[in-house]
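# Observations on the three-dimensional arrangement
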Amino acid sequence: MDFLANLFGSYWPAVQLTSWTLIKIIAIVLPLMIAIAYLTLAERKVIGFMQVRIGPNRVGYFGLLQPLADGVKLLFKEIILPTASNKTLFLLGPVLAIAPAFAAWAVIPFDATLVLANIDAGLLYILAMTSVAVYGVIIAGWASNSKYAFLGSMRSVAQIVSYEIAMGFALVGVLMCANSLNLGKIVMGQAGGFWHWYFIPLFPLFIVYFISAVAETNRAPFDVAEGESEIVAGFHVEYSGMAFAIFFLAEYANIWLVCALAATMFLGGWLSPVPFLPDSILWFLAKMGALVFFFLWFRATFPRYRYDQIMRLGWKIFIPITLVWIIFVGAMMQTSLGYLFH
Amino acid sequence: MIFNDFIFYTLAAILLFAGIRVITTRNPVYAALHLVLAFFTAAGIWLLLEAEFLAIALVLVYVGAVMVLFLFVVMMLDINLDKLREGFWDYLPMAGTIGLLMAVEMVMILSGKYFAPTTVASKSADYSNTAELGRVLYTDYLLPFELASVVLLVAIIAAIVLTLRDRQDSKSMNPAEQVLVKKQDRLRIVKMDAVVETPSVEDPKADKEKS
């Protein structure tokens, strides 16, 4: 240590801070990668059980090593660059898809103290990052120079842009209640048991947020961007091997992200539901896991939406609901019942 | 401070490069993507100025929404660049004058005594840029702010009204009507005997082909 301190001289504190931050980033990204890998297995298992099948059970006990096997398989597959594609953008697409999906985790509070960047505009940062994620899809679809990929990316972009508005409005309700954009403060605003959590006064917004989250991540029943029966696999149809896997990782990272956000915003984050149990990160993980389970459940039970119905749901139903509820919350805050909304 | 300067000049160089590429590149998709890069770096410079709300809002609004729609349109349309370039030399004198005027104005503003760079007192750690901006916008500048939003709303509605063509031949469904459909409206149950006598086959040709 002393040797290093001498080597960097006056820059030593800065170097220390940087390396400490890097370690924290790894401490977030590594468990996240494992969570993503096992979400793929959980998805196959859960849907399997719902359809009275067994699901993957060959690699390791109960198929527990299946994600590793899949990862190794994808790593060793050839990455094909289509001749007619735009090579630079074709390779940039997966990067732009996964970078925001991971970057957004910087402000998620796992615990009262466990947060990488405790910034005041945390919620805005997350909204900005999730809206940037669409570039991966749009660039991948265009650079592939393929009709299916292009159609898929167009659908996906229109859908994400539409549902972002409803999602943003749903979160506006939360920040009205919490009086802050800082995610840590939003969680602390819900302290005192599950009857203080925001999902009760903001129930319509919670539902709108969660359904919009499913649409934002392009998951069933809103997965027209992939639409296997119509456009094969949508925007990533031309990708193979690890490049395809990156899109896959980004999708599942986004699922975890929107569930983490829903748990933070509406379900009290790391707070315990009843006052006599201690607050801990385990509550946060449990809430997140429960919400992720809904994603799998939706996929196993709902048929795919028709495209015009998706647009109608987003623009003509969700946005009016959120607008009305925001005005209602704002009006109620001025009355003597305002304490219910804080 | 040296480190800050270094970051500022790096970002400024990227910003200038991206800005120049926006107007020089031949491919409209590349131009739009360079504009995205320009917005990103501008947001970075704002972050250096500790204006985190503006920086994030820039990324959220311009990169996340406006440029996505730009790209969407640019990718969908088959833009003929040669046609766009046709009048270049005719427009050059006019555009050059306007550009020069803008440059002169910018220099005047930046070098004028009212806009001379002053050292801003650094804020305490719990100072929230977002809350401060919100307070000013919704108290001191409430009317101008509301006015600006009404102007925007009018522009949005005007754009829709101007481009709206009421097509007579387009087919659409009324979901409310669809939901209200009853079984009697669509389905007729016909009573039939469980066993229907099959008519005996008397076709010698078919028999021959079989054997």
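Note that the structure is a prediction, hence the values are computed from the model and not measured.

### Remarks on the overall build of chain A
Per the secondary structure count, chain A includes 13 helices and zero strands. Taken against the 2.2 N^0.38 rule, which gives 20 Å for 342 residues, the C-alpha radius of gyration of chain A at 21 Å falls within 12% of a compact globule. Along the first, second and third principal axes, the C-alpha set of chain A runs to 65 × 65 × 40 Å. Counting every position in chain A, which comprises 342 residues, the buried fraction comes to 51%. With the model as given, the accessible surface of chain A reaches about 15,900 Å², and the carbon-plus-sulfur share is 73%. Charged side chains in chain A number 18 positive and 16 negative. The centres of these two groups are separated by 7 Å.

### Looking at the overall build of chain B
Assigned secondary structure in chain B consists of 10 helices and zero strands. Residue burial in chain B is summarised as follows: out of 211 residues, 17% are buried. Here chain B displays about 18,100 Å² of accessible surface, and carbon together with sulfur accounts for 67% of that area.

### A short note on the nonpolar core
All names here are of chain A. Ranked by size, the top nonpolar core spans 117 residues in total, and within it Trp 105, Tyr 135, Tyr 209, Met 265 and Phe 266 carry the most contacts. Here this core gets 17 residues from one element, more than from any other, and that element is helix H11 (residues 241-266). Among residues more than four places away in sequence, those in contact with Phe 266 are Ala 170, Leu 171, Val 174, Gln 190, Trp 197, Tyr 198, Phe 199, Leu 202, Leu 205, Phe 206 and Tyr 209.

### Description of the interface of chain B and chain A
On the chain A side, the residues contacting the 25 residues of chain B number 25 residues. The junction of chain B with chain A conceals about 2,100 Å² of combined surface from both sides, 79% of it contributed by carbon and sulfur atoms. For the chain B face of the interface with chain A, the top three residues by lost area are Ile 56, Leu 60 and Met 75 of chain B, together amounting to 26%. Linking chain B with chain A are two residue pairs in polar contact (both at pLDDT 80 or more), by the criterion used here. Those elements giving two or more residues to the side of chain B that touches chain A turn out to be helix H2 (28-48) and helix H3 (52-76) of chain B. Top contributing element to the side of chain B that touches chain A by residue count: H3 of chain B, with 14 residues. Residue composition of the side of chain B that touches chain A, by class: 20 nonpolar, four polar and one charged.

### A short note on the pattern of salt bridges
Residue and element names in this part refer to chain A. Here the structure, examined in full by the defined rule, presents six salt bridges over all chains. Among the ionic pairs, Glu 43 bridges to Arg 219, the shortest N-O distance being 2.4 Å. Within this pair, whereas Glu 43 is found in helix H2 (residues 12-50), its partner Arg 219 is found in the loop between helix H9 (203-216) and helix H10 (228-231), the two being separated by 176 residues in sequence. Comparing Glu 43 with Arg 219 shows no difference in burial state: the two are buried. Taking the shortest distance from any N to any O, the salt bridge between Arg 219 and Glu 251 comes out at 3.2 Å. Here Arg 219 is found in the loop between H9 and H10, whereas its partner Glu 251 is found in helix H11, with 32 residues between them in sequence. Connected via shared salt-bridge partners are Glu 43, Arg 219, Glu 251 and Arg 299.

### Description of the packing of H2 of chain A against H11 of chain A
Residues and elements named next belong to chain A. Between H2 and H11, the least distance of the axes is 9 Å, while the angle of their chain directions is 95°. The angle between the axes of H2 and H11 places the two elements in the roughly perpendicular class. Side by side, H2 and H11 meet where Leu 32, Met 33, Ala 35, Ile 36, Leu 39, Thr 40 and Glu 43 of the first sit next to Phe 248, Leu 249, Tyr 252, Ala 253, Ile 255 and Trp 256 of the second. By residue class, the composition of the contact of H2 with H11 is 11 nonpolar, one polar and one charged.

### Thoughts on unusual backbone geometry
Residues and elements named next belong to chain A. Within the chain, Asn 145 stands out as a residue other than glycine whose phi angle is a positive 55°. One can find Asn 145 in the loop between helix H6 (134-143) and helix H7 (147-178). With a relative accessible area of 51%, Asn 145 lands in the exposed category. In this structure, Asn 179 is a non-glycine residue whose phi angle is positive, near 60°. Tracing the sequence through the fold places Asn 179 in the loop between H7 and helix H8 (183-188). We classify Asn 179 as exposed; its relative accessible area is 67%.

### Some thoughts on the packing of aromatic side chains
Residue and element names in this part refer to chain A. Applying the stated criterion across every chain yields a total of 24 aromatic pairs over all chains. Considering the side-chain rings of Phe 294 and Trp 297, the 5.6 Å spacing of their centres and the 40° angle between planes classify their relative orientation as tilted. With Phe 294 and Trp 297 both in helix H12 (residues 281-301) and three residues apart, this pair spans about one turn of that helix. By relative accessible area, Phe 294 is classed as partly exposed at 34%. Overall, the relative accessible area of 39% leaves Trp 297 in the partly exposed class.

### Section: H11 of chain A
End to end, H11 of chain A covers 38 Å across 26 residues, agreeing with the expected 38 Å (1.5 Å per residue, within 8%). Positioned one or two residues after H11 of chain A, Gly 268 of chain A has a phi angle of 75°, which is positive.

### Considerations on the packing of H9 of chain A against H11 of chain A
Residues and elements named next belong to chain A. Packing of H9 against H11 brings their axes to within 10 Å, and their N-to-C directions diverge by 170°. Comparing their axes, H11 and H9 come out roughly antiparallel. In this structure, H9 contributes Leu 205, Phe 206, Tyr 209, Phe 210 and Ala 213 to the contact, and H11 contributes Val 258, Cys 259, Leu 261, Ala 262 and Phe 266. Split into classes, the residues belonging to the contact of H9 with H11 amount to 10 nonpolar, no polar and no charged.

What counts, and where the lines are drawn
- Residues numbered from 1 in each chain as written.
- Chains lettered and ligands numbered in written order.
- Predicted model: local features only at pLDDT ≥ 70, side-chain atom pairs only at ≥ 80, totals over all residues.
- Heavy atoms only, no water.
- Helix = DSSP H or I, 4+ residues; strand = E, 2+ residues; numbered from the N terminus.
- Rg over C-alpha atoms; globule rule 2.2 N^0.38 Å.
- Buried < 20%, exposed > 50% of the residue type's maximum accessible area, 1.4 Å probe, protein only.
- Areas by Shrake-Rupley, 256 points an atom, 1.4 Å probe, with all protein chains shown as cover.
- Lys, Arg positive; Asp, Glu negative; His and termini not counted.
- Charge placed at Lys NZ, Arg CZ, Asp CG, Glu CD.
- Core = buried A, V, L, I, M, F, W, Y, C linked by side-chain atoms within 4.5 Å.
- Contact = heavy atoms within 4.5 Å.
- Buried area = accessible area lost by both parts, 1.4 Å probe.
- Polar contact = N/O pair within 3.5 Å; in protein donor to acceptor, adjacent residues only side chain to side chain.
- Nonpolar A, V, L, I, M, F, W, Y, C, P; charged D, E, K, R; others polar.
- Salt bridge = Lys/Arg side-chain N within 4 Å of Asp/Glu carboxyl O.
- Axes fitted to C-alpha atoms, helices over the stretch in contact; angles between N-to-C directions.
- Parallel < 35°, antiparallel > 145°, perpendicular 65-115°, else oblique.
- Phe/Tyr/Trp six-rings, centres within 6.5 Å; stacked < 30°, edge-to-face > 60°.
- Expected span 1.5 Å × (residues − 1).

Purely spatial values, then, with no claim about function.
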